[in-house]
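Structural overview for review
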Amino acid sequence: MQIFQKRREVGLCYIPEDRQKRGLALAAQLSENAAISSLISKAFVKGPFLRKSRIKNFTEGLIQKFDVKTSGPSALASSLSGGNKQKLIIARELSLGSDVIVAENPTWGVDLGAINQIHHELLSMRDNGHAILLVSSDLDEIFTLSDRVLVMFESELSKSFFTEEVTREELGKLMLMKASTSTQEQEKNIAWTQSNFLKQKIVRYLVTALSLFLILLVLLNLADASFFEASQAFFKSAFGGRRYAYLYVTISRCALITGMAIAALIAFRAGLINIGGEGQLVIGGSAAAFVSIYSGITGVPGVVLAILSAMIGGGLWAVLAGLMKLKLGVPILVGTLLLNYPARYITSYFVSHPMRDVSSGMPQTHLMDKSLGYLS
């Protein structure tokens, strides 16, 4: 308790990573948890007694300001969800107006809405002149909140970097070895780590493939089927048919998946985690279909126009994730994933209503011109 009191007296507040054990007393009420950091002041204490009405009003103010989902100040802390527990802790600590704030993985395990609000509050405190020491393992969070970055490895700190002067790759190297390690040793350690990682990856793939093969053998045995007959049927379904018709279908389907994989690799190399390829593919395909059906342009020019339309449509859909990152602080990983779902619903709506071929008994668009067969 003395350490806690001294910390408050020198103007330091602390947002712990473990909200369950170090941040809250789960068996206590929200009002008790909210007021505990201010009990050393006289605001909530009069002699040996607590000013419960003030504590209640204070807690209600925190709940309202930080949008903590709860039934009221008398609810137990254990009844809150993880994100709401974290919001209550941050509301309590920031309400002290301390000169120095230590935040340890402040958004660990919380939902997107809570992440945005927590980031907003921390940035507001920084802009108002408070010093914030952020301890985080989330690189997106570090680059969003921090002005300067230091990396600790085996109790040794690197030199200080301004966030606009350092890349994720450079931070990654510092996370793998001590800052005092020579450049030659760094390159050697990185090469060893990459080689070891590749070997482990190959072993995992081989074990996975072997496990799947054994499972297949067991299933075929249970079905009293021949492995060679099943393999022959599988080969014919993928590559057989008249004039290799099934091979054409297999290649066309693989092309979509391969294209999405290439796009993801390019994004990763550019430092972006884009897992919204499905939504961008759907919107791009919808744009290509719309232009192909209603433009009336056929042949090679029609194919080129459809490809450009798909690129523009998919690209604009990806831009939405970038805008969400810039304006709302939504991480690219989350934003691109969430945009997959509205892409499906938008396409389903247009296929079922504005673009629907009413002469068909099923929800589908009008057919493209036969000269655009490369797209069908």
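**Digging into the overall build of the protein**
Scanning the protein from N- to C-terminus turns up 15 helices and nine strands. The proportion of buried residues among the 376 residues of the protein is 31%. At a minimum sequence separation of 6, the contacts of the protein that also span at least 24 residues come to 57%. When the accessible surface of the protein is totalled, it reaches about 24,300 Å², and 63% of it is carbon and sulfur.

**Quick word on a nonpolar patch on the surface**
On the surface, a nonpolar cluster with roughly 920 Å² of combined accessible area is contributed by Val300, Val304, Ile307, Leu308, Met311, Ile312, Leu316, Val319, Leu320 and Leu323. With respect to the secondary-structure elements, isoleucine 312 resides in helix H13 (residues 299-328). Relative accessible area serves as the criterion here: at 54%, isoleucine 312 is assigned to the exposed category.

**Some thoughts on the pairing of strand E5 (residues 131-135)**
Relative to E5, strand E4 (residues 100-104) runs parallel, the two sharing five bridges. Note that in E5 the partner of alanine 103 across the bridge is leucine 134. In this fold, E4 hands off to helix H6 (residues 112-127), which returns the chain to E5; that crossover is right-handed.

**Structural notes on the sheet that holds strand E1 (residues 12-15)**
Strands belonging to one sheet form pairs held by backbone hydrogen bonds; the direction of such a pair is parallel or antiparallel. Spatially, three strands are ordered E1-E4-E5 in an open sheet, and the strand pairing comes out parallel. Sheet topology places E1 and E5 at the edges, where each strand pairs with a single neighbour. Strand-to-strand twist in this sheet, taken as the mean axis angle between neighbours without regard to direction, amounts to 15°. Running at roughly 175° to E1, helix H5 (residues 82-94) makes contact with E1 and E4 of the sheet.

**Quick notes on the side chain of serine 309**
Along the polypeptide, serine 309 turns up in helix H13. For serine 309, a relative accessible area of 12% corresponds to the buried category. Looking at serine 309, its side chain comes within polar contact range of the main-chain oxygen of leucine 305, at 2.8 Å. What serine 309 contacts, discounting residues up to four positions off in sequence, is Ala287, Ala288 and Val291.

**Focus on the packing of aromatic side chains**
Within the structure shown, the criterion is met by three aromatic pairs. With a centroid separation of 5.1 Å and 50° between ring planes, the pair formed by phenylalanine 44 and phenylalanine 58 is classed as tilted. With phenylalanine 44 in the loop between helix H3 (30-35) and strand E2 (45-46) and phenylalanine 58 in helix H4 (residues 52-65), the pair connects residues that are 14 residues apart, well separated along the chain. Relative accessible area serves as the criterion here: at 7%, phenylalanine 44 is assigned to the buried category. Above the ring of phenylalanine 143, the side-chain terminus of arginine 168 is found at 4.7 Å from the ring centroid.

**Here we look at the nonpolar core**
Membership of the largest hydrophobic core comes to 27 residues, with the highest contact counts inside it found for Ile15, Leu30, Phe66, Ile90, Leu94, Ile101 and Leu122. At the level of elements, E1, H3, H4, H5, E4 and H6 are the ones that each hand at least two residues to this core. Counting seven residues, the second largest nonpolar core, distinct from the first, contains Phe161, Val166, Leu171 and Leu174.

**Quick notes on the environment of isoleucine 346**
Structurally, isoleucine 346 can be placed in helix H15 (residues 340-352). For the pair isoleucine 346 and valine 282, spaced 64 residues apart in the sequence, the C-alpha separation amounts to 9.4 Å.

**Focus on the confidence of the model for the protein**
Per-residue pLDDT for the protein averages 81, and the proportion of residues at 70 or more is 89%. Per-element averaging of pLDDT across the protein places helix H1 (residues 2-9) at the bottom with 68 and E5 at the top with 92.

**A few points about unusual backbone geometry**
One non-glycine residue with positive phi stands out, namely aspartate 67, at about 55°. You can see aspartate 67 is positioned in the loop between H4 and H5.

**Remarks on the packing of helix H12 (residues 277-294) against H15**
Relative orientation of the contacting elements H12 and H15 amounts to 25°, with a least axis distance of 7 Å. By the angle between their axes, H12 is roughly parallel relative to H15. Two packed elements cross with a definite hand, and for H12 against H15 that hand is left-handed. Taken together, the residues of H15 that come into contact with H12 (itself represented by Gly277, Glu278, Gly279, Val282, Ile283 and Ser286) are Asn340, Ala343, Arg344 and Thr347. Among the residues making up the contact of H12 with H15, the classes are represented as three nonpolar, five polar and two charged.

**Quick notes on the side chain of serine 98**
By the element assignment, serine 98 lies in the loop between H5 and E4. When its relative accessible area of 7% is taken as the criterion, serine 98 is described as buried. Apart from the residues within four sequence positions on either side, serine 98 is in contact with Gly11, Leu12, Cys13 and His130.

**A look at the environment of asparagine 116**
Here asparagine 116 shows up in helix H6. Sequence separation between asparagine 116 and proline 331 is 215 residues; the distance between their C-alpha atoms is 9.3 Å. The contacts of asparagine 116, once residues within four sequence positions are left out, are Leu328, Gly329 and Val330.

**Digging into H13**
Look at H13: 43 Å from first C-alpha to last across 30 residues, which is about the 44 Å you get at 1.5 Å a residue. Within H13, the full set of buried residues consists of Gly302, Val303, Ala306, Ser309, Gly313, Gly314, Trp317 and Ala321.

Cut-offs and rules
Residues numbered from 1 in each chain as written. Predicted model: local features only at pLDDT ≥ 70, side-chain atom pairs only at ≥ 80, totals over all residues. Heavy atoms only, no water. Helix = DSSP H or I, 4+ residues; strand = E, 2+ residues; numbered from the N terminus. Buried < 20%, exposed > 50% of the residue type's maximum accessible area, 1.4 Å probe, protein only. Contact = heavy atoms within 4.5 Å. Areas by Shrake-Rupley, 256 points an atom, 1.4 Å probe, with all protein chains shown as cover. Patch = residues over 30% accessible without salt bridge, like charges linked within 9 Å, V, L, I, M, F, W, Y side chains within 5 Å. Salt bridge = Lys/Arg side-chain N within 4 Å of Asp/Glu carboxyl O. Pairing = 2+ DSSP bridges. Right-handed = clockwise from strand over helix to strand, strands pointing away. Axes fitted to C-alpha atoms, helices over the stretch in contact; angles between N-to-C directions. Polar contact = N/O pair within 3.5 Å; in protein donor to acceptor, adjacent residues only side chain to side chain. Phe/Tyr/Trp six-rings, centres within 6.5 Å; stacked < 30°, edge-to-face > 60°. Lys NZ or Arg CZ within 6 Å of the ring centre and 35° of its normal. Core = buried A, V, L, I, M, F, W, Y, C linked by side-chain atoms within 4.5 Å. pLDDT = per-residue confidence, 0-100. Parallel < 35°, antiparallel > 145°, perpendicular 65-115°, else oblique. Left-handed = near helix turned anticlockwise from the far one by under 90°. Nonpolar A, V, L, I, M, F, W, Y, C, P; charged D, E, K, R; others polar. Expected span 1.5 Å × (residues − 1).

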